[in-house]
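Summary of the model geometry
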Amino acid sequence: MADPLKFSIDGLVLDPGDASLPLPDDGLLRGDGVFEVIRIYAGRPFALGLHLDRMERSAAAIELPLDRAALTTEIEALLDSLDHPDCLLRVVQTRAGRRIGSIEPLPVHTATIALATVTYSPTVILNGVKSLSYAANMQVTRLAKAAGAAEALFIRPDQVVLEAPTSSIFWATADGRLRTPAIEAGVLDSITRRKVLERIEVEQGEFPLDDLLAAPEAFLASTTREVQPIERIDDRTYPEKPGPLTKAAAAAFTQALEEELGA
Ligand SMILES: Cc1ncc(COP(=O)(O)O)c(C=O)c1O
């Protein structure tokens, strides 16, 4: 995560050096809390309502009170103070009741990406919950980098493909259909994934790694990456990056952006 540019704590807008949190807070001490990361395009948040809906579902799943009205007011004030029109907004709710907004620079993503697979068992009671307990998601990226890739891909012990630590994954079949893991497989209900699914036909299910490795093309989808072609997974190099279905998904996502935020 890049160094934040500005914070809001319980509605108080602060520069990074001036922001501090009272302890104890199990949000910090135990990763007990929830968060969202929202992309700001030209000063305006994309899919803010869907992000806050997911944050409410995450909070409800761990019995964490969340004051959506207060969060919304505080987000507006933080965005009004912005000097960076294109950036990320992180919103955090901690167990001790702190509401944190953080403005961060956009991460720089390469045009295509290499992944390394990592075996992972989803924690069933946190399925679909964007909790603050993301240490495993951070650690897999370090493991993938040590293996010579840029990012990790979670694979269940039964070889079912899941997702990258902060992105969903799609791939094409040899006869030109798109596939993505079903939410029930143990993946996050990604908002970028939803925007693609609303616009193009995609099969959802529990698919084995072999199916992905045999694909002619594959891509990651997320708030920060949008649609990013995959160049390689382990030893398998993809011939088409981007292939036609990756281009179609990128166009579908651009359409979603234009519909909400204008051209
Ligand atoms: C585990 C996981 N999967 C997928 C995604 C992509 O979700 P979204 O499209 O809402 O950014 C994220 C986002 O951070 C994530 O943490």
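So, how was this worked out
Residues numbered from 1 in each chain as written. Predicted model: local features only at pLDDT ≥ 70, side-chain atom pairs only at ≥ 80, totals over all residues. Heavy atoms only, no water. Helix = DSSP H or I, 4+ residues; strand = E, 2+ residues; numbered from the N terminus. Buried < 20%, exposed > 50% of the residue type's maximum accessible area, 1.4 Å probe, protein only. Contact = heavy atoms within 4.5 Å. Areas by Shrake-Rupley, 256 points an atom, 1.4 Å probe, with all protein chains shown as cover. Near = heavy atom within 4 Å. Polar contact = N/O pair within 3.5 Å; in protein donor to acceptor, adjacent residues only side chain to side chain. Nonpolar A, V, L, I, M, F, W, Y, C, P; charged D, E, K, R; others polar. Pairing = 2+ DSSP bridges. Axes fitted to C-alpha atoms, helices over the stretch in contact; angles between N-to-C directions. Core = buried A, V, L, I, M, F, W, Y, C linked by side-chain atoms within 4.5 Å. Domains from an automatic or database assignment. Buried area = accessible area lost by both parts, 1.4 Å probe. Salt bridge = Lys/Arg side-chain N within 4 Å of Asp/Glu carboxyl O. Phe/Tyr/Trp six-rings, centres within 6.5 Å; stacked < 30°, edge-to-face > 60°. Lys NZ or Arg CZ within 6 Å of the ring centre and 35° of its normal. Parallel < 35°, antiparallel > 145°, perpendicular 65-115°, else oblique. Left-handed = near helix turned anticlockwise from the far one by under 90°.

1. Let's talk about the overall build of the protein chain
Across its full length, the protein chain carries 7 helices and 14 strands. Seen through its principal axes, the protein chain has C-alpha atoms that stretch 55 × 40 × 30 Å. Every one of the 263 residues in the protein chain was classed for burial, and the buried ones make up 49%. Of all intrachain contacts in the protein chain linking residues separated by at least 6 positions in sequence, the fraction that spans at least 24 positions is 67%. Just so you have it, the protein chain exposes about 12000 Å², and 54% of that area is on carbon and sulfur atoms.

2. What about the site of the ligand?
If you check the shell around the ligand, you find 15 residues, and the closest are Tyr-134, Glu-163, Ser-190, Thr-192 and Thr-223. Arg-54 places a side-chain nitrogen or oxygen 2.9 Å from an oxygen atom of the ligand. Within the contact set of the ligand, an oxygen atom lies 2.7 Å away from a side-chain nitrogen or oxygen of Ser-190. Relative to its unbound accessible surface of 390 Å², the ligand loses 95% to contact with the protein. Residue composition of the shell around the ligand, grouped by class: 4 nonpolar, 8 polar and 3 charged.

3. What to know about the environment of Asp-189
Along the chain, Asp-189 falls in the loop between strand E10 (178–181) and helix H5 (191–199). Look at Asp-189 and you get buried, because its relative accessible area is 18%. The residues touching Asp-189, leaving out its near neighbours within four places in the chain, are Arg-54, Arg-57, Ile-183 and Arg-194. Of note is the side chain of Asp-189, whose polar atom sits 2.8 Å from the side chain of Arg-194.

4. Description of the sheet that holds strand E4 (residues 44–45)
Strand order in the open sheet formed by 6 strands is E2-E1-E6-E5-E3-E4, with antiparallel pairing between adjacent strands. Whereas interior strands pair on both sides, the edge strands pair on one side only; in this sheet they are strand E2 (12–14) and E4. Alignment of strand E3 (residues 33–41) against E4, held across 2 bridges, turns out to be antiparallel. Bridge pairing in E4 links Ile-40 to Pro-45. The sheet contacts of helix H3 (residues 68–80) involve strand E1 (6–9), E2, E3, E4, strand E5 (87–94) and strand E6 (99–104), and relative to E6 the element is tilted by about 30°.

5. Focus: the nonpolar core
Formed by 20 residues in total, the largest nonpolar core has its most connected members in Ile-40, Met-55, Ile-75, Leu-89, Val-91 and Ile-103. Of all elements in the fold, only E3, helix H2 (48–61), H3 and E5 reach the threshold of two or more residues within this core. Grouped together as the second largest cluster of nonpolar side chains are 17 residues, Leu-115, Trp-171, Phe-207 and Leu-212 included.

6. Concerning the side chain of His-51
You can see His-51 is positioned in helix H2. The exposure class assigned to His-51 is buried, which follows from its relative accessible area of 1%.

7. What about the domain arrangement of the protein chain?
When its domains are assigned, the protein chain resolves into domain 1 (6–104) and domain 2 (113–261). Each of domain 1 and domain 2 was reduced to a C-alpha centroid, and the two centroids are 25 Å apart. Buried area between domain 1 and domain 2, both sides added, is near 2000 Å², and the carbon and sulfur share of it is 64%. It is Phe-35, Phe-46 and Arg-54 that lose the most area in domain 1 upon contact with domain 2, and together they represent 33% of the buried surface on that side. Residues Arg-39 and Glu-226 are paired through a salt bridge, measuring 3.5 Å at the closest nitrogen-oxygen approach. In this assembly, domain 1 and domain 2 are joined by 8 residue pairs in polar contact (both at pLDDT 80 or more). Of all the secondary structure elements, the ones that give two or more residues to the side of domain 1 that touches domain 2 are E3, E4, H2 and E5. Looking at the side of domain 1 that touches domain 2 element by element, the count peaks at 8 residues for E3. Partitioning the side of domain 1 that touches domain 2 into residue classes produces 14 nonpolar, 6 polar and 7 charged.

8. Here's the deal with the packing of aromatic side chains
Here the distance between the centres and the angle between the planes together describe a pair of aromatic rings. The full count for this structure, using the stated rule, is 6 aromatic pairs. Relative to Phe-46, the ring of Tyr-41 has its centre 6.2 Å away and its plane inclined at 90°; by these criteria the two rings are edge-to-face. By the burial criterion, Tyr-41 is buried, and Phe-46 matches it. A network of ring pairs unites the aromatic residues Tyr-41, Phe-46 and Phe-253 as a single cluster. Arg-39 extends its terminal NZ or CZ atom over the ring of Tyr-41, reaching a point 4.0 Å from the ring centre.

9. With respect to the packing of H2 against H3
At a closest axis distance of 11 Å, the pairing of H2 and H3 adopts a crossing angle of 140°. When the axes of H2 and H3 are compared, the pair comes out oblique. Handedness of the H2/H3 crossing: right-handed. Of the residues in H3, those in contact with Leu-48, Gly-49, Leu-52, Asp-53, Met-55 and Glu-56 of H2 are Arg-68, Leu-71, Thr-72 and Ile-75. Grouping the amino acids of the contact of H2 with H3 by side-chain chemistry returns 5 nonpolar, 2 polar and 3 charged.

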